[in-house]
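# Survey of secondary and tertiary structure
Spelled out, the chains give:
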Amino acid sequence: MKVAVLCDFYLPGFKAGGPVRTLANMVEVLGDEIEFLVITRDRDVGDITPYPGVKVGSFTKVGKAQVFYLRPSSLSFRVLHKVICASDHDMLYLNSFFSPIFTMVVLILRRMGLIPKVPIVVAPRGELSSGALGLKSLKKHVYLHFSKLMNFWRDVVWQASSEYEEQDIRKWFGDNVSVEIAPDLPLYVGHKKDGARRCQKTVGHLKVVFLARISRMKNLGGALRILRGLTGEIQFNIYGPIEDREYWSECEGIIRHMPCNIKVRYCGPVPYHQVDSIIMEHHLFFLPTLGENFGHAIVEALINGCPVLISEHTPWRGLEKKRVGWDLPIENPERYRSALHECVDMDNQTYQELRKRVRHYGQQLCQDESVLQSNRVLLYRACGQAIT
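Fair warning: this is a prediction, and the values are worked out from it, not measured in the lab. (Residues numbered from 1 in each chain as written. Predicted model: local features only at pLDDT ≥ 70, side-chain atom pairs only at ≥ 80, totals over all residues. Heavy atoms only, no water.)

## Thoughts on the sheet that holds strand 10 (residues 233-239)
Ordered in space as 11-10-9-12-13-14, the six strands form an open sheet in which the pairing is parallel. The sheet is open, and its two edges are formed by strand 11 (262-268) and strand 14 (325-328), each paired on a single side. Strand-to-strand twist of the sheet, defined as the mean angle between neighbouring strand axes without regard to direction, takes the value 20 degrees. Across the sheet, helix 12 (residues 333-344) lies against strand 9 (205-211), strand 10, strand 12 (284-287), strand 13 (308-311) and strand 14, angled at about 170 degrees from strand 14, the strand it touches most. (Pairing = 2+ DSSP bridges. Helix = DSSP H or I, 4+ residues; strand = E, 2+ residues; numbered from the N terminus. Axes fitted to C-alpha atoms, helices over the stretch in contact; angles between N-to-C directions. Contact = heavy atoms within 4.5 Å.)

Structure follows, in structure tokens:
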């Protein structure tokens, strides 16, 4: 089976975060039985220069996929039509709901009968959640209603990463649409190394990491405001590309007025191969996000034994009951501060016991073969083929 994937960003890019990681993991795990043809941009988010050394204008081998990189000047109806028609594929996989080029243009070409009529899978990647739709709300709702009016989504198969995302999809498109729940593949299943560097903990000190794109959706400003009320010596390190410059300026204003016991440092974007080592150097992963359909960085933290303090707007629920972290309501900053104070006051022995539980829980997640199987079922079933 040949699957043509259309996405705004792919390897070697990393600044787009989870959607790139999800695709790379899918290709790595299923690439021996399914041929993936990826059509994407030739540069990363916000970059004005292409990836070094990539071949533009024809399919080239990248890992287990064949990738066709497009220059900005080639992102047009005509070129996309030509590339899609020239590629031999059994199915189209669209890695976004709102992408103007790699989703909207593709659906218009399909609606006009200009590309082969093959099955289409659409993965919204959390874009239909209430938190995501609340940002740039007017533009998104206009597109939503226009695309429904034009019947763009007729006969597509929806990929939901969780039952929560399935509810979001059915809220907008009805109970009769075809939805398959196939969680994002958190890692290369079975390929994760064992062993984690011990991160020593001293009472009264806490080293916290925020690892995400700098955007309103990730709620860095909320994290900074929560930290302001804490006692103890706290180092807060921020990693991730600045996606929203205006929002980052607001965050900088908060940082300038942080109390002297809270040291804040912006460390910039981080390539995927450095994520493990960075997380393992911190006591706590902090992300009070407005919404995640999966949250690869959250899972990376858990796998590396780093407790997480996140919002309840992710698939990772009941963490406190499992004694591996906290998932709390955004509307209650005092509950976040209580959890943070608990971490600040924790001694090393208690912390190491916590870290051991967290790592065990994370390892269980990445070894869940049902996640791999659900992704396999999604693709084969959408294409009408028997599962091998």
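## Brief notes about the packing of helix 1 (residues 18-30) against helix 14 (residues 369-383)
Between helix 1 and helix 14, whose axes approach to 11 Å, the crossing angle comes to 90 degrees. It follows from the interaxial angle that helix 1 and helix 14 lie roughly perpendicular. Contacts from M26, V29 and L30 of helix 1 reach helix 14 at L372, N375, R376 and L379. The residue inventory of the contact of helix 1 with helix 14, partitioned by class, reads five nonpolar, one polar and one charged. (Parallel < 35°, antiparallel > 145°, perpendicular 65-115°, else oblique. Nonpolar A, V, L, I, M, F, W, Y, C, P; charged D, E, K, R; others polar.)

## Considerations on the layout of surface pockets
In this structure, the second largest pocket encloses a volume near 280 Å³. Around the second largest pocket sit 17 residues that line it, and S129, Y164, D168, H313 and R317 are the ones nearest its centre. Breaking the lining of the second largest pocket down by element, the ones donating at least two residues are helix 4 (130-133) and helix 6 (163-173). Ranked by the residues each element gives to the lining of the second largest pocket, the list is headed by helix 6, at four residues. Here the residues of the lining of the second largest pocket sort into three nonpolar, ten polar and four charged. (1 Å grid on protein atoms, 1.4 Å probe; cavity = no way out; pocket = protein on both sides within 12 Å on 5 of 7 lines; lining within 4 Å. Points joined across faces, edges and corners; volume = space filled by probe spheres on them.)

## Focus on helix 12
In this model, helix 12 (twelve residues) spans 16 Å end to end at C-alpha, consistent with the 16 Å of a helix rising 1.5 Å per residue. Those residues of helix 12 lying buried are Y336, R337, A339, L340, C343 and V344. Buried residues of helix 12, viewed axially, fall in a sector of 160 degrees; they line one side. Against strand 9, helix 7 (220-227), strand 10, strand 12, strand 13 and strand 14 lie the buried residues of helix 12. (Expected span 1.5 Å × (residues − 1). Buried < 20%, exposed > 50% of the residue type's maximum accessible area, 1.4 Å probe, protein only. Arc of directions from axis to C-beta.)

## Comments concerning a nonpolar patch on the surface
A cluster of nonpolar side chains, contributed by F146, L149 and M150, occupies part of the molecular surface with about 310 Å² of accessible area. By the secondary structure assignment, M150 is in the loop between helix 5 (137-149) and strand 7 (157-160). The exposure class of M150 is partly exposed, given its relative accessible area of 32%. (Patch = residues over 30% accessible without salt bridge, like charges linked within 9 Å, V, L, I, M, F, W, Y side chains within 5 Å. Areas by Shrake-Rupley, 256 points an atom, 1.4 Å probe, with all protein chains shown as cover. Salt bridge = Lys/Arg side-chain N within 4 Å of Asp/Glu carboxyl O.)

## Considering the environment of G31
Take G31: it is sitting in the loop between helix 1 and strand 2 (35-41). The class of G31 is buried, set by a relative accessible area of 17%.

## What to know about helix 8 (residues 245-256)
The terminal C-alpha atoms of helix 8 lie 16 Å apart, and with twelve residues this matches the ideal 16 Å at 1.5 Å per residue to within 8%. Of the surrounding secondary structure, the elements contacted by the buried residues of helix 8 are helix 7 and strand 11. Measuring from the backbone nitrogen of E246 back to the side-chain oxygen at the start of helix 8 gives 3.2 Å, which picks out D244 as the cap. (Polar contact = N/O pair within 3.5 Å; in protein donor to acceptor, adjacent residues only side chain to side chain.)

## Let's talk about the confidence of the model for the chain
Predicted confidence across the chain gives a mean pLDDT of 92, with 97% of residues reaching 70 or more. Low pLDDT, under 50, characterises residues 188-196; the stretch is placed with 23 contacts to residues that sit more than four places away or in other chains. (pLDDT = per-residue confidence, 0-100.)

## Side note on the environment of I262
Along the polypeptide, I262 turns up in strand 11. Separated by 46 residues in the primary sequence, I262 and V308 place their C-alpha atoms 19 Å from one another. Those residues in contact with I262, other than ones at most four positions away along the chain, are L227, L230 and I234.

## Topic: the nonpolar core
L220, F236, F285 and F286 are the most contacted members of the largest nonpolar core, which has 60 residues in total. F236 has contacts with V208, V209, F210, L220, A223, L224, L227, K263, V264, R265 and F286, leaving out every residue within four places of it along the chain. Core analysis: the next-biggest nonpolar cluster, separate from the first, contains 38 residues, F102, L107, V156 and V179 among them. (Core = buried A, V, L, I, M, F, W, Y, C linked by side-chain atoms within 4.5 Å.)

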